[in-house]
Protein chains: 4
Amino acid sequence: MSSYRPEVAALLGKEFRCLDKGFVRLIDVMGDDAAIVQAARVSYGEGTRSVSDDRKLIRYLMRHRHTSPFEMVEFKFHIKLPIFVARQWIRHRTANVNEYSGRYSIMRQEFYLPEPEQLRPQSALNKQGRAEEPLPPDLAEQLVTRLRQTQNRLYAEYQELLQHNLARELARINLPLSLYTEWYWKIDLHNLFHFLQLRMDEHAQYEIRLYAHTIADIVKVVVPLAWEAFEDYVLGAVTFSRLEQRILARLLRGSQLTDRLLEEAGLEGREAREFRQKLARILREHDEEAP
Amino acid sequence: MSSYRPEVAALLGKEFRCLDKGFVRLIDVMGDDAAIVQAARVSYGEGTRSVSDDRKLIRYLMRHRHTSPFEMVEFKFHIKLPIFVARQWIRHRTANVNEYSGRYSIMRQEFYLPEPEQLRPQSALNKQGRAEEPLPPDLAEQLVTRLRQTQNRLYAEYQELLQHNLARELARINLPLSLYTEWYWKIDLHNLFHFLQLRMDEHAQYEIRLYAHTIADIVKVVVPLAWEAFEDYVLGAVTFSRLEQRILARLLRGSQLTDRLLEEAGLEGREAREFRQKLARILREHDEEAP
Amino acid sequence: MSSYRPEVAALLGKEFRCLDKGFVRLIDVMGDDAAIVQAARVSYGEGTRSVSDDRKLIRYLMRHRHTSPFEMVEFKFHIKLPIFVARQWIRHRTANVNEYSGRYSIMRQEFYLPEPEQLRPQSALNKQGRAEEPLPPDLAEQLVTRLRQTQNRLYAEYQELLQHNLARELARINLPLSLYTEWYWKIDLHNLFHFLQLRMDEHAQYEIRLYAHTIADIVKVVVPLAWEAFEDYVLGAVTFSRLEQRILARLLRGSQLTDRLLEEAGLEGREAREFRQKLARILREHDEEAP
Amino acid sequence: MSSYRPEVAALLGKEFRCLDKGFVRLIDVMGDDAAIVQAARVSYGEGTRSVSDDRKLIRYLMRHRHTSPFEMVEFKFHIKLPIFVARQWIRHRTANVNEYSGRYSIMRQEFYLPEPEQLRPQSALNKQGRAEEPLPPDLAEQLVTRLRQTQNRLYAEYQELLQHNLARELARINLPLSLYTEWYWKIDLHNLFHFLQLRMDEHAQYEIRLYAHTIADIVKVVVPLAWEAFEDYVLGAVTFSRLEQRILARLLRGSQLTDRLLEEAGLEGREAREFRQKLARILREHDEEAP
C-alpha cells in the first residue's frame, strides 16, 4: 500500500513525448490491481470467495461490467497538448483538471506543427476524419511551411500586443488552436478506460489517439491484470445489434460448438457456459427457420 | 416545443403501480425524439445532412455511441419504492433526487410484502440472486405472514417511541428496509438508458427490475425512435470477447454472407458495410487457420 | 405543468445578443418556482407545512443551502460564443453539451472583435484581469484593425487549405481562439446558479460575464422567486473569515441591535433569530475583551 | 511524491472507532499540501510567483474559492456505519463507493444501539433534529433495551429465513436501518471539504457528525495547511445576507477601522485590503443614511 512497485516508480515523472512538442507524464497513482480486488472483496464479500485468484476476479468484474472496483484506482498525469486536442479531451467530465491559464500567464511560443505525412485529405467515407493516403509530398511540405509561418506571425503579434500592455486575457484571442497548453489531469481507472476506449478508436482524431496510446502504455504497467481484461472484454470485443444477429444466426446454423473449440480458445468454467448460452440464444431468437 | 404530445400528456401524473404499494409517476419531461435530432444537427452540422431522416439519424447516433444528443432530453419521475430498492437505485449518481425525509416527517405505515410466489430460494448459479422455482406454497405463505407480522410490530414500536417524544431521526432506526420511501428523481435520457440497461437485466433484483420495466414503458411513449434504437443496438445487442471471437471465427469459417441475407435482415447502406467489415475482421484476426 | 407561462413563452427561441456576433437563446425549460416547492414538500414533508407560502419556503431553502430542490428545474440554451469563452465555460462539468464540430463541418467566418474601449491594459492589482481605464483611443483603434486583419487572413488561409482538400480537422488548427463556435447547453438551476455566481463575479473575464448577465436576465423571468432568494442570500451576501470576525467583533462592540433595526431591514421570525445568534456568536467567540 | 510522511503512514489502516461498532480507516491517500501547490502553480503560472510561500498560496486559493487544485488530492477510506447514516452519506454523489452487498453476502449481526443519553426528544426549534436535553434516564434505558431486543429478534428471524433457504436478497428486507454496513469510499479533497462542511454542521444528525469529525481529524494530519485554510475561510466563516448587511451597516456606522485592529487580527497585505473594501461596500450600499 505504501510504496510504488519498481516498474511504476520508474515511470513517475518521466516525459513521454507526444506529437512534436507535447508530452504525457505520470505524476502519481493511487492503487493497483490489488486495490481493485480489495474493493471488490468488500463489496461482493462471500460472492468472491470462490474466485480464489486475483486475475480471475478482475476478469469477472470486467466481463460483467462491475465497474465500481475499477474506480478505486486513481491516476494523475501532467499533459502538454495542443488546444484543439484539449478541447476534445475536456469533454470527459469525470476528471479533475488544472490548466495553465492565459489570463494569469504569458503563453509560450509552442505550436503543434503536423508532420507532412499527416497532412491528409478529407476522408470520403468518414465525415469527421482524414483519409489514409497523404497529400502529395510537395504540397504537404508547402502547407506545413505555411502553417509554421502563420504560427510565427501570430506569436509575434501576440508579443507586440503584450508590449502595448494589452491585458493578457485579450492579447491571446488571436492565438491559434494549434498552440500548446498544459494541465494536470486526474481520473479514476474506470473513467480512464472509458476515455481510452473512445480515444484509441480509429474514429478519434489522430492527434488525440497518440496521447491515448501513450497513456495506455502507462496504464498497462500500473494495472497489468485490469489492462488485459480491458483488452479482452472491451477494447477487443465486438458487438452485434439485433439485426445483425439475424444474419449471424443464419451463418452459424448447422455449425458445431465442440468442447475442443472452447478449450482451444481458452474458455472454461462459467465463461464457457455463458458463451454457450449466448450462441444458443442467438440461434433460438433470431434464426426463424430454426426448428 | 411548447406542449406535450397527446400520448405524453396522457401519461403525466398518472400512477403506474409497482410491487404492492409502490408507483412510478411521470411528473415532467423536456424534449422528445426531435430534441435529440436538433442537438445532433447543431453538433455534427453538415455531417448529418446526408442523413435526411430523423429515425436514421437517431439510429446512427445510438449505433456509434454518440451519446451527448440523448442527454438533451430530461425526465422527472415521482417514485414510491421500498428502501432496499432505493439503496440500489441511488447508486446511479448522475441524477437529481429529493427524497422524503424521516428526520422531518413521520414515516407512513407502508411496507413491501412480497407475493408468496416471489419467495424463492437462493440461486445455485447466481451468487447474488434468487432461483427460478418458488419455495413450497405453504412455507411461502407462512413466511409472508411472518414478514407482515414483523412489519406491523415494528411500526407499532415506532409509534410508541414517537409517543415518548423520541426524536424522529432516532425513532426510525429500527424500521426495516422493506419500508416504503418516495422521491422525485430527475435524469437525462442517456443516463436513464444506462440505468435501464443495468436494471432491466436479469441479474438485477426482481423488485427494481419491475420499476425499470415500468419506466421503460413510459420512455417508449415519450421517445419512440430513441427507444427502438436502444433496443436494437444496446438492449438486444450481444457482445463477444476476444476469446469468444476465436471460436466464432471457427464456426463461421466457410459460411457465405450474401446480399440476400443482409437484405432479409434489413441491413443496408453504411450499416451493411460495417457488418461486412466486422465479420471480415473477426475471420482475419481470429481464425488462425484462415489463409 | 404542461405549458409555459406567457412571460416564459415570450422568451423561447429569442436571440439575445452577446458581444458582436454571439447570442443566448432559451430553447426549453422544465419547471419553475412551483417545481422547486413541489420537490421540497416531498422531501421535507411536514417540515414544510408551517412555511405556508412558496416565497418563504424558497427563501428558506436558499438560506440554508438545501440545494437539491433547485436541481429539479432544468434549462436548455443555444449559445454562440468565442472559443476562448467556451474554454472557460466548459470547466463547469455538471451540464450537458452538444457543440458544433470543426471535424464534421466547415467553421464559419465569424470572429469576436472587441470594442476598442474594451482593449484595456493588464490590471496592476488583479493578476488575471484587465484594468479599468482603456488604452488610448488611437492605439485601441489601431489594435482592433490589426486583430480584424489577422482574423481575415486566417480565414482566407483556412479556405485555401480546404481547397487543397486538407481534412477539416487539420485545416482548422491555425484558426484563432476568437473564432465563434456554438452549442446546446443544458443545466439544472442549482448548477446554473453556481455558474452565474462565478461568472457574474467581477473577477471573471468581461466577455463571459456578458453571457452570464444575459442568462441571469432569462432566469429571473423563469424563476422569479428563486432568483430573488439567490440575489439576497448568495450573490449579494458577504462572507467574513475567522480573522475578519475578530475585527468585526471589535467594531461592533457596544453597538445596540434593536428590534426596530431588524424590522426596518425586513428581518423577522426565524431569520431575525438566526441573525441575533450570528452576531452574538461573533461577539462571544472573537471579541477577546468581551466580558 | 513516492512515500507517505510518517504522520500519515501512522494513520494508514488504523481503525478509528465511531459510534458503538463503526469505524473509519484511512486506506490510502494521493497527494498532500504540496500537491495542491504544485497543481496551482501549473494553473496560475506566473500569477503565483509573487506568493512565495506554500501556506499563503493555499490560503489564497481557499479564500478565493479556486477549488480545482484541492481536487488533486484524493482520499480512500474504509468505513463501517449504520444504514441510516449510509443513506445520508450516499447523497454526496462525487465519490466512488464499493459497499458490502446483502445480495452476495450474509449481513452480520451488528446493529447500532444509541447511548441512552443520545435518546433525546424531538427538537422544538429544529424540525429535523433532536433537542439538547436527553430523555429521563430511566425511560432512556428502557427504550435502549427495547431497541436491542428488537434488533436481536430481527436478526434471529433473518437467520431463520436463511435456514429456510430464502434468497439472501429477500431474507434481508426486514432488517432495520440500524444494521451496520461497510464500504470503501474514495473522494477528492475539494468534495471531501464540502462533505465535512455539511456533515460537521450542527444541523446534521449526531451520528453522521461523529464520522465527519473523525474524518476531519485524519484530514488535518494529511493536509495541515489546507485544513487550516478551510477552518479560517469556510468552516469558521460567517455569511451575511443582503438584508442582514443593512443592519450591519447601521451597527458599524461611526466605528473606526484602524491599522492596529487589522494588525492585531493578523490581516495584512491583499487580505487586509480586501477586508477594507468589503466593509466600505457594506457601508456604502446598505447604510442609506450614510453621507
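Since the structure is predicted, the reported quantities are computational estimates derived from the model, not experimental observations.

Lay out the overall build of chain A in plain terms, naming residues and giving numbers.
In terms of helices and strands, chain A carries 12 helices and six strands. For chain A, the C-alpha radius of gyration of 24 Å lies well beyond 19 Å, the compact-globule estimate for 291 residues. Dimensions along the principal axes, computed over C-alpha positions, put chain A at roughly 80 × 50 × 30 Å. Every one of the 291 residues in chain A was classed for burial, and the buried ones make up 46%. For chain A, the proportion of contacts with a sequence separation of at least 24, taken over those separated by at least 6, is 71%.

I'd like a description of the relation of the copies chain B and chain C, backed by residues and values.
When chain B is brought onto chain C, the operation consists of a screw motion whose angular component is 180° and whose axial shift is 0.0 Å, with 0.0 Å RMSD remaining. Taken together, the turn and the small shift mark the pair as related by a two-fold rotation axis. Mapped onto chain C, 100% of the interface residues of chain B are again interface residues, and the two copies thus contact each other with one and the same surface.

Run through the packing of helix H10 (residues 242-252) of chain C against helix H12 (residues 269-286) of chain C, naming residues and quoting values.
All names here are of chain C. One way to put it is that H10 packs onto H12 with a least axis distance of 9 Å and a crossing angle of 105°. Between H10 and H12, the angle falls in the class roughly perpendicular. For the pair H10 and H12, the contacting residues are Gln245, Arg246, Leu248, Ala249 and Leu252 in the first and Leu279, Ile282, Leu283 and His286 in the second.

Quick rundown of the relation of the copies chain C and chain D? Include the residues and the values.
Superposition of chain C onto chain D requires a rotation of 180° combined with a translation of 0.0 Å along the rotation axis, giving an RMSD of 0.0 Å. Most of the interface of chain C is mirrored in chain D: 100% of its interface residues are interface residues there too.

Please set out the interface of chain C and chain D residue by residue, giving values where relevant.
When the parts come together, some accessible area is lost, and that loss is often what is quoted as the size of the interface. The interface is formed by 31 residues belonging to chain C together with 31 residues belonging to chain D. Among the elements of the structure, helix H9 (224-235), strand S6 (238-240), H10, helix H11 (259-265) and H12 of chain C are those that each provide at least two residues to the side of chain C that touches chain D. The element that contributes the greatest number of residues to the side of chain C that touches chain D is H10(C), accounting for nine residues. Tallied by class, the residues present in the side of chain C that touches chain D amount to 15 nonpolar, eight polar and eight charged. The sheet contact formed by S6(C) and strand S6 (residues 238-240) of chain D spans three bridges and is antiparallel. Following the sheet pairing, Val238(C) is matched in S6(D) by Phe240(D).

Account for unusual backbone geometry, with residues named and values stated.
Phi angles above zero are rare outside glycine, and Asn165(A) is one such case at about 65°. Looking at the element boundaries, Asn165(A) is found in the loop between helix H5 (137-163) and helix H6 (168-171). Phi is positive for Arg65(C), which is not a glycine, with a value near 50°. Its location among the elements puts Arg65(C) in the loop between helix H3 (54-63) and strand S3 (74-82). Note on Arg65(C): 12 C-beta atoms within 10 Å, which makes it exposed.

Before we move on, could you go through the interface of chain B and chain C and cite the residues and values that matter?
Contacts between the two partners involve 35 residues from chain B and, on the opposite side, 36 residues from chain C. Residue assignment for the side of chain B that touches chain C shows that the elements contributing at least two residues are strand S2 (22-30), helix H2 (33-44), strand S3 (74-82), strand S4 (96-99) and strand S5 (180-188) of chain B. Among the elements that make up the side of chain B that touches chain C, the one with the highest residue count is S5(B) (five residues). For the side of chain B that touches chain C, the residue count by class is 15 nonpolar, 11 polar and nine charged.

Outline the sheet that holds strand S4 (residues 96-99) of chain D, listing residues and values.
Residue and element names in this part refer to chain D. Read from one edge to the other, the open sheet built from five strands follows the order S1-S2-S3-S5-S4, with strand pairing classed as antiparallel. This sheet does not close on itself; its edge strands, each paired only once, are strand S1 (16-18) and S4. Across this sheet, the average inter-strand angle for adjacent strands is 25°, counted without regard to direction. Where strand S2 (residues 22-30) and strand S3 (residues 74-82) come together, seven bridges link them in antiparallel fashion.

Before we move on, could you go through the sheet that holds S3(B) and cite the residues and values that matter?
Residues and elements named next belong to chain B. A sheet is described by the order of its strands in space; here five strands give the open sequence S1-S2-S3-S5-S4, paired in antiparallel fashion. Either end of the sheet is taken by a strand with one partner, and the two such strands are strand S1 (16-18) and S4. Taken over all neighbouring pairs, the strand axes of this sheet differ in orientation by 25° on average, direction set aside. Packing against the sheet, helix H7 (residues 189-199) makes contact with S3 and S5, and its axis sits at approximately 130° to S5. The strands touched by helix H8 (residues 206-222) within the sheet are S1, S2 and S3, with S2 carrying the most contacts at an inclination of about 30°.

A description of the domain arrangement of chain A should follow, citing residues and the corresponding values.
According to the domain assignment, chain A consists of domain 1 (1-112 + 183-237), domain 2 (114-177) and domain 3 (242-286). Taking only C-alpha atoms into account, the centre of domain 2 of chain A sits 51 Å from that of domain 3 of chain A.

Run through the environment of Glu285(A), naming residues and quoting values.
Residues and elements named next belong to chain A. Within the secondary structure, glutamate 285 sits in helix H12 (residues 269-286). On the neighbour-count criterion, glutamate 285 (15 C-beta atoms within 10 Å) is partly exposed. Taking the C-alpha atoms as reference points, glutamate 285 and glutamate 160, 125 residues apart in sequence, are found 70 Å from one another.

Summarise the environment of Arg120(C); cite the residues concerned and give the values.
Note on placement: Arg120(C) falls in the loop between strand S4 (96-99) and helix H5 (137-163). Placed 20 residues apart in sequence, Arg120(C) and Ala140(C) show a C-alpha to C-alpha distance of 8.3 Å. Contact partners of Arg120(C), with chain neighbours within four places excluded, come to Ala167(A), Arg130(C), Ala131(C), Glu133(C), Pro134(C) and Leu135(C).

Explain helix H10 (residues 242-252) of chain B to me, and be specific about the residues and the numbers.
Residues and elements named next belong to chain B. Of all 11 residues in H10, nine are buried, a share of seventy percent or more. Of the positions making up H10, those classed as buried are Leu243, Glu244, Gln245, Arg246, Ile247, Leu248, Ala249, Arg250 and Leu251. Following H10 by one or two positions, glycine 254 has its phi on the positive side, about 90°.

I'd like a description of H7(B), backed by residues and values.
Residues and elements named next belong to chain B. Those residues of H7 lying buried are Leu189, Leu192, Phe193, Phe195 and Arg199. Around the axis of H7, the buried residues are gathered within 160° of arc, so they sit on the same side. Packed against the buried residues of H7 are S3, S5, H8 and helix H9 (224-235).

So, the packing of helix H2 (residues 33-44) of chain D against helix H3 (residues 54-63) of chain D: which residues are in play, and what are the values?
Residue and element names in this part refer to chain D. Here H2 crosses H3 at 70°, and the two axes come no closer than 10 Å. Taken together, the axis directions place H2 and H3 in an arrangement best described as roughly perpendicular. In this structure, H2 uses Asp33, Ile36, Val37 and Ala40 to contact H3, whose residues at the interface are Asp54, Leu57, Ile58 and Leu61.

What counts, and at which threshold
- Residues numbered from 1 in each chain as written.
- Chains lettered and ligands numbered in written order.
- Predicted model: local features only at pLDDT ≥ 70, side-chain atom pairs only at ≥ 80, totals over all residues.
- Helix = DSSP H or I, 4+ residues; strand = E, 2+ residues; numbered from the N terminus.
- Rg over C-alpha atoms; globule rule 2.2 N^0.38 Å.
- Buried ≥ 20, exposed ≤ 12 C-beta atoms within 10 Å, placed from the backbone.
- Contact = placed C-beta atoms within 7 Å.
- Least-squares fit on C-alpha atoms with pLDDT ≥ 70 in both.
- Axes fitted to C-alpha atoms, helices over the stretch in contact; angles between N-to-C directions.
- Parallel < 35°, antiparallel > 145°, perpendicular 65-115°, else oblique.
- Nonpolar A, V, L, I, M, F, W, Y, C, P; charged D, E, K, R; others polar.
- Pairing = 2+ DSSP bridges.
- Domains from an automatic or database assignment.
- Arc of directions from axis to C-beta.

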